[in-house]
Amino acid sequence: MKRYLITGASRGIGRAIALKLAAPDVMLLLHGRDTVALAETCRAADKSGAKTAKLIHDLATFRGIDDLVAEVGHKPIDLLVNNAGIAVVKPFAEITREEWEQTIGVNLIAPFFLIQHFAPRMPPGSSIVNILSIGAKTAYPNWSIYCGSKFALEGLSTAIREELRSRKVRMLNIYPAATDTDIWNAVSGDWPREQMISAADVAEAVAYAIGQPPAVTIENITLSNTAGTL
Ligand SMILES: NC(=O)c1ccc[n+]([C@@H]2O[C@H](COP(=O)([O-])OP(=O)(O)OC[C@H]3O[C@@H](n4cnc5c(N)ncnc54)[C@H](OP(=O)(O)O)[C@@H]3O)[C@@H](O)[C@H]2O)c1
């Protein structure tokens, strides 16, 4: 049975990826903080015959990262999806130290240390998927801390990809355009949610990428909006 670890699976893109990959031969290790929402993801995944486990940890802290690693255990995983993320959107002059720590913690430090821990134990042909953003390639005003965390994760993962080639572990970076999820609830401004791509669209791309033959790595997928940047 394959073991897939997905962070931030309680809602949004992470939940959509979990439901897309749910299958009878898969053990889904589903991470989040919201126990009720995560239980809902598990219930939906169970219907596809997947085995599920709920892992509740705050990834903004090293303690939360360590506890997640401990709960996943020693058995290797076949897929790590670094998806959990937050968006603090405001002028750079107003960003607090706490917002800095939270954003860098969840969006950058946690993915790095999860890759560092799990990659050496992953079998050839397995995959690490990082949910980046078009904000990992393009800078926007008021998105400094978000873009900074995503640009940095792109740099780290792209370099680590080279280190993992000899072990045949694949590093896949996904760059979605604005996607209609709860992450936008806390972003001020008028964002046309109905014009955004969907979480299911992103999950489709992830499933396509990891479904390639083990010798093939789809290194980067950019999901831009056909209608243009919103
Ligand atoms: N939506 C977009 O427009 C868009 C576009 C490009 C890339 N992305 C990226 O896609 C990823 C998923 O975002 P989303 O749009 O699906 O957002 P979302 O609906 O807000 O979901 C975010 C997920 O991250 C988890 N999370 C947040 N803070 C956490 C913390 N401190 N510790 C552990 N988990 C935490 C949440 O868990 P709980 O709810 O359980 O706390 C939730 O499962 C993010 O990395 C985001 O940057 C999003």
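Residues numbered from 1 in each chain as written. Predicted model: local features only at pLDDT ≥ 70, side-chain atom pairs only at ≥ 80, totals over all residues.

## Some points on the overall build of the protein chain
Defined as follows: Put simply, DSSP marks the helices as runs of H or I at least four residues long and the strands as runs of E at least two long, and each gets a number from the N terminus on. In this description the radius of gyration comes from C-alpha coordinates, and the expected globular size is given by 2.2 Å times residues to the power 0.38. Buried residues are those with 20 or more other C-beta atoms within 10 Å of their own C-beta, exposed residues have 12 or fewer, and partly exposed residues lie in between; C-beta atoms are placed from the backbone. By definition, residues are in contact whenever their C-beta atoms, placed on the basis of the backbone, come within 7 Å of each other.
Looking only at helices and strands, one finds six helices and seven strands in the protein chain. Going from the N terminus to the C terminus, the protein chain shows its helices and strands as β-α-β-α-β-α-β-α-β-α-β-α-β. In summary, the protein chain has a C-alpha radius of gyration of 17 Å against a globular reference of 17 Å for 230 residues, a match within 12%. For the protein chain, the spread of C-alpha atoms along the three principal axes comes to 45 × 40 × 35 Å. Across the 230 residues that make up the protein chain, the buried fraction comes to 38%. By sequence separation, contacts in the protein chain at least 24 residues apart represent 69% of the contacts at least 6 residues apart.

## Brief notes about the pairing of strand 7 (residues 220-223)
The test is simple: DSSP calls a pair of strands paired once it identifies at least 2 bridges connecting them. Handedness of a crossover is defined as follows: with both strands directed away from the viewer, a clockwise route from the first strand across the helix to the second makes it right-handed.
Here four bridges tie strand 6 (residues 170-176) to strand 7, and the two strands are oriented parallel to one another. Looking at strand 7, one finds that I174 is bridged to I221. For the crossover from strand 6 across helix 6 (residues 199-210) to strand 7, the handedness is left-handed.

## Let's talk about the sheet that holds strand 2 (residues 26-32)
For clarity, the threshold we go by: Structural elements are reduced to axes, namely lines fitted to C-alpha atoms, with helices fitted over the stretch in contact, and the angle between N-to-C directions of any two is expressed from 0 to 180 degrees.
Across the sheet, which stays open at both edges, the seven strands sit in the order 3-2-1-4-5-6-7 with parallel pairing between neighbours. Unpaired on one side and paired on the other, strand 3 (51-56) and strand 7 mark the two borders of the sheet. Adjacent strand axes in the sheet meet at a mean angle of 15 degrees, parallel and antiparallel pairs treated alike. Of the strand pairs in this sheet, strand 1 (residues 2-6) and strand 2 are connected by five bridges, and their pairing is parallel. Across the sheet, the residue bridging to R3 is M27, located in strand 2. This element, helix 4 (residues 97-118), spans strand 4 (79-82) and strand 5 (127-131) of the sheet and lies at about 170 degrees to strand 4. Across the sheet, helix 5 (residues 144-164) is in contact with strand 5 and strand 6; its angle to strand 6 comes to roughly 155 degrees.

## Overview of the pairing of strand 6
Within a regular strand, side chains alternate between the sheet's two faces. For strand 6, the tally of buried residues reaches seven of seven residues, placing the bulk of the element in the interior. Neither face of strand 6 is open: one carries R170, L172, I174 and P176, the other M171, N173 and Y175, and all of them are buried. Following the chain from strand 5 across helix 5 to the adjacent parallel strand 6, one finds a crossover that is right-handed.

## What to know about helix 3 (residues 62-72)
What counts is decided by this rule: By definition, the arc is the one covered by directions from the helix axis to the C-beta atoms.
Taken together, the buried positions of helix 3 are occupied by I65, L68 and V72. Projected down its long axis, helix 3 carries its buried residues within an arc of 65 degrees, all on one side. Summarising the geometry of helix 3, the exposed residues directed more than 90 degrees from the buried face are F62, R63 and A70. For helix 3, the elements touching its buried residues are strand 1, strand 2, strand 3 and helix 4. Immediately beyond the C-terminal end of helix 3, within one or two residues, lies G73, with a positive phi of roughly 85 degrees.

## Some thoughts on helix 2 (residues 35-46)
Quick note on the threshold: An expected span of 1.5 Å times one less than the residue number is assigned to each helix.
The end-to-end C-alpha distance of helix 2 is 16 Å, a good match for the 16 Å that twelve residues give at a rise of 1.5 Å each. Taken as a whole, helix 2 has its buried residues at L38, T41, C42 and A45. One face of helix 2 carries all of its buried residues, which in axial projection span an arc of 100 degrees. Away from the buried face of helix 2 by more than 90 degrees, exposed residues V36 and R43 are located. On its buried face, helix 2 is in contact with helix 1 (12-21), strand 2 and strand 3.

## Some points on the environment of G64
Its place among the elements puts G64 in helix 3. C-alpha separation for the pair G64 and V88, spaced 24 residues apart in sequence, amounts to 20 Å. Ignoring any residue separated from it by four or fewer positions in sequence, one finds G64 in contact with H57, D58 and L59.

## Regarding the environment of G211
The residue G211 is located in the loop between helix 6 and strand 7 in this model. Overall, the presence of 11 C-beta atoms within 10 Å leaves G211 in the exposed class. For the pair formed by G211 and S127, sequence separation is 84 residues and the distance between their alpha carbons is 9.9 Å.

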